[in-house]
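As a plain string of letters, each chain reads:
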Amino acid sequence: MNTGTTIVQFDNVGLRYGTGAETLSDLSFSLRHGGFYFLTGPSGAGKTSLLKLLYLAQRPSRGLIKLFGEDIVTMPRKRLPGFRRRIGVVFQDFRLVHHLSAFDNVALPLRVAGVDEKDLQGPVGEMLAWVGLGHRASARPATLSGGEQQRVAIARAVIARPEMLVADEPTGNVDPEMAKRLLHLFDSLNKLGTTVVVATHDLHLISSIARSEMLRLDRGQLLDPTGALRHPPRRADA
Amino acid sequence: MSAARSFGAADRRLLPEGRLAGPMPWVIAIMMFLTVLAAAAGLGLGGAASSLGAGLANRVTVQVLEPNPDRREAEAARALQRLRRLPEVESARRLSAGELAELLEPWLGAGGLESDLPIPAMIDAQLIPGARADSLRAAVTAAAPSARIDDNGQWLAPLGRLISALKWLALGLVALMIGATAATVVLAARAALDTHRATIEVLHLMGATDVQVARLFQRRIALDALFGGVVGFGAAALALLVIGRRIGALGSDLLGSAHLPGTSWLALAALPVLGVGLAMLVARATILRALGRML
């Protein structure tokens, strides 16, 4: 584990879709290996776009991004899959594969990585049980509630023990108790060395992880480029 | 573990529809039916052209037309002797009275040769490959002034050229059909990519390689092509067997020479296998190219 070293480095990064105005402008920051980060900001601030750059769904229009110590802006396309396998993603719209069961959705990252069928039965079953869906393993996403789908999406994101977990509003559709359980899961992963980046509006969530840091975006720019305001206020019980 | 490996047993579940998805298997079945028929026509015509060339094109018939029977016999004997000495002639033999009677029976009826009608003496000569009938003419007419030489190759040449043109037309149709099948696979692969774009994006973001994703589609398209190939070949083989029986019933030597030997059937049976291979290659190339445009 390289806790403390830089896992993500952004230098003057800008992102523009098509010929429109820049969605993200002049982003310069770094994330430490093993850190826990909340990304906040109003709707339309560019949180999802920033996460897309982090999980390699998009390349920036300008600037430099280093991920795991390598420049991913000019990296050949054929090398990207190897990097993506090191990142777990919880999408805002879950992006579950609708014709697959909850079990098969959670097993996808392991199957992509080439894990044998006999070796994935146990971990997937345990992960589903952990998110409270052990009894719904064979259910298709369409038969699951929004909260259950979100938990399947989270289980899928963390099943392969990624080096970095990127989550876009991961607790938006679950009740407070489940939100607490999921955050505890993220916290446990983080303690094992996974760098966690969570985009959220939920201030309660932000204050519940004592060692977390905060990145605040507004209109595509970081509000706190110096990092002076990175540490959010803490709850008394945190 | 290997980055390039497939998703294993889960392959079958990653794309939702069953094996016979959409019209593609049936389009391939129709293409295969037409391809097999065209290829069979090409092979049959090729066989007919070879058989015509080997059987008749290198032969000449010498007719001794002298009306006087004694002089005709003498001229025929001299012509036969002369022919057998020529280096261009591989073999020569005189047709017997029985063979002449058999040839003339359709026109003169049974016992036609027993009438007073003067019947030419006929000599059948097999030439060596590349020899020309013209080179015999002077020698034969010197020995038998009333002899006339019929070059079988001369009257068979236009028929041979027609058969050859039809053979190439049939093979051209096979090539066109292969192109159309490849185009069908390209369209089917693109449609499948569009249908499953959301799944592909998720797989990509989890680190699936292009080859892993392409294998999912290759497998599906190969199964569709195999189904279409087997159905199309089966229907075409049935049609060819029925047509073969009808031709056999005609009793025509010319049509009969266009039969399909066992090796031709083997070549035809290889077409569905080649079709599956072609479909897989085209699908793979199409999908990899399309995936290459995604990040």
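Predicted, not measured: the structure shown is a model, and the values here were computed from it. (Residues numbered from 1 in each chain as written. Chains lettered and ligands numbered in written order. Predicted model: local features only at pLDDT ≥ 70, side-chain atom pairs only at ≥ 80, totals over all residues.)

### A word on the overall build of chain A
From N to C terminus, chain A includes 7 helices and 10 strands. A compact globule built from 238 residues would reach a C-alpha radius of gyration of about 18 Å, and chain A, at 18 Å, matches this within 12%. Overall size of chain A, expressed as C-alpha extent along the three principal axes, is 50 × 45 × 35 Å. Counting the 238 residues in chain A, one finds 43% classified as buried. Contacts in chain A between residues far apart in sequence, at least 24 positions, make up 69% of those at least 6 positions apart. (Helix = DSSP H or I, 4+ residues; strand = E, 2+ residues; numbered from the N terminus. Rg over C-alpha atoms; globule rule 2.2 N^0.38 Å. Buried ≥ 20, exposed ≤ 12 C-beta atoms within 10 Å, placed from the backbone. Contact = placed C-beta atoms within 7 Å.)

### Quick notes on the overall build of chain B
Per the secondary structure count, chain B includes 10 helices and 4 strands. Of the regular secondary structure in chain B, the N- to C-terminal order runs α-α-β-α-β-α-β-α-β-α-α-α-α-α. Looking at the 295 residues of chain B, the share that counts as buried comes to 32%. A fraction of 86% describes how many contacts in chain B between residues 6 or more apart in sequence connect residues 24 or more apart.

### What about unusual backbone geometry?
All names here are of chain A. Of note in the backbone geometry, Asp-26 takes a positive phi value of approximately 50° without being a glycine. Turning to its location among the elements, Asp-26 is positioned in strand S2 (residues 22–32). Of note in the backbone geometry, Phe-68 takes a positive phi value of approximately 50° without being a glycine. Its place among the elements puts Phe-68 in the loop between strand S4 (62–67) and strand S5 (70–71). Of the residues examined, Phe-68 has 17 C-beta atoms within 10 Å and is grouped as partly exposed.

### A word on the pairing of strand S1 (residues 59–64) of chain B
Within a regular beta strand, the side chains point alternately toward one face of the sheet and then the other, so they alternate between its two faces. Residue and element names in this part refer to chain B. Covered by surrounding structure in S1 are Val-60, Val-62 and Val-64 only, the residues Arg-59, Thr-61 and Gln-63 on the alternate face being uncovered. Where S1 lies against strand S3 (residues 121–127), 6 bridges are found, and the strand directions are antiparallel. Across the sheet, the residue bridging to Gln-63 is Met-122, located in S3. With 5 bridges connecting them, S1 and strand S4 (residues 147–151) associate as antiparallel partners. (Pairing = 2+ DSSP bridges.)

### What about the sheet that holds strand S1 (residues 6–16) of chain A?
Residue and element names in this part refer to chain A. Strand order in this open sheet of 4 strands is S2-S1-S4-S5, and the pairing throughout is antiparallel. Each end of this open sheet is capped by a strand with a single partner; those strands are S2 and S5. Alignment of S1 against S4, held across 5 bridges, turns out to be antiparallel. Across the sheet, residue Val-8 finds its bridge partner in S4, namely Leu-67. This element, helix H1 (residues 47–54), spans S1, S2 and S4 of the sheet and lies at about 125° to S1. (Axes fitted to C-alpha atoms, helices over the stretch in contact; angles between N-to-C directions.)

### Here we look at the nonpolar core
By size, the foremost hydrophobic cluster in this structure holds 115 residues, and its most contacted members are Val106(A), Val166(A) and Val36(B). When residues in this core are grouped by element, the largest group, 16 residues, is from helix H2 (residues 24–57) of chain B. The residues touching Val166(A), leaving out its near neighbours within four places in the chain, are Leu51(A), Leu54(A), Tyr55(A), Ile87(A), Val89(A) and Val197(A). Counting 19 residues, the second largest nonpolar core, distinct from the first, contains Val60(B), Val64(B), Leu80(B) and Leu136(B). (Core = buried A, V, L, I, M, F, W, Y, C linked by C-beta atoms within 7 Å.)

### So, the confidence of the model for chain B
Confidence in the prediction of chain B, expressed as mean pLDDT, is 83, and 86% of residues score 70 or more. Of the two predicted TM-score estimates for the complex, the pTM is 0.71 and the ipTM is 0.86. (pLDDT = per-residue confidence, 0-100.)

### With respect to the packing of helix H6 (residues 152–195) of chain B against helix H10 (residues 262–292) of chain B
Residue and element names in this part refer to chain B. Interaxial distance between H6 and H10 falls to 9 Å at its minimum, and their mutual angle equals 45°. Relative to H10, the element H6 is oriented oblique. Seen along the crossing, H6 lies across H10 with a hand that is right-handed. Only Gly-275, Leu-278, Ala-279, Val-282, Ala-283, Thr-286, Ile-287 and Ala-290 of H10 make contact with H6, whose side of the interface consists of Ile-178, Thr-181, Ala-182, Val-185, Val-186, Ala-189, Arg-190 and Leu-193. Class assignment of the residues belonging to the contact of H6 with H10 gives a composition of 12 nonpolar, 3 polar and 1 charged. (Parallel < 35°, antiparallel > 145°, perpendicular 65-115°, else oblique. Left-handed = near helix turned anticlockwise from the far one by under 90°. Nonpolar A, V, L, I, M, F, W, Y, C, P; charged D, E, K, R; others polar.)

### What about the packing of helix H3 (residues 102–112) of chain A against helix H5 (residues 146–158) of chain A?
Residues and elements named next belong to chain A. Across the interface, H3 lies against H5 with an axial gap of 7 Å and an inter-helix angle of 30°. Relative to H5, H3 is oriented roughly parallel. Note on packing geometry: the crossing formed by H3 with H5 is right-handed. On H5, the residues touching Ala-102, Asn-105, Val-106, Leu-108 and Pro-109 of H3 are Val-152, Ala-155 and Arg-156. Here the residues of the contact of H3 with H5 are counted per class, giving 6 nonpolar, 1 polar and 1 charged.

### Focus: H6(B)
Residue and element names in this part refer to chain B. In this model, H6 (44 residues) spans 63 Å end to end at C-alpha, consistent with the 64 Å of a helix rising 1.5 Å per residue. At Pro-158, H6 shows its maximal kink, close to 35°. Restricting attention to buried positions, one finds in H6 the residues Ile-163, Lys-167, Val-174, Met-177, Thr-181, Thr-184, Val-185, Ala-188, Ala-189 and Ala-192. (Expected span 1.5 Å × (residues − 1). Bend = angle between axes of the 7 residues up to and from the residue.)

### Some details on the environment of Pro23(B)
Residue and element names in this part refer to chain B. Relative to the helices and strands, Pro-23 resides in the loop between helix H1 (11–14) and H2. The partly exposed category is assigned to Pro-23, around which 13 C-beta atoms lie within 10 Å. In the structure, Pro-23 is positioned 201 residues away from Asp-224 in sequence and 9.6 Å away in space, judged by C-alpha atoms.

### Describing H3(A)
Residue and element names in this part refer to chain A. Within H3, 11 of the 11 residues are buried, which leaves it mostly tucked inside the rest of the structure. Every buried residue of H3 is listed here: Ala-102, Phe-103, Asp-104, Asn-105, Val-106, Ala-107, Leu-108, Pro-109, Leu-110, Arg-111 and Val-112. Looking one or two residues past H3, Gly-114 carries a phi angle of roughly 90°, positive in sign.

### Here's the deal with the confidence of the model for chain A
Mean pLDDT over chain A: 88, with 92% of residues reaching 70 or higher. Here helix H7 (residues 203–206) of chain A is the element of chain A with the lowest mean pLDDT, 79, and S4(A) is the one with the highest, 95.

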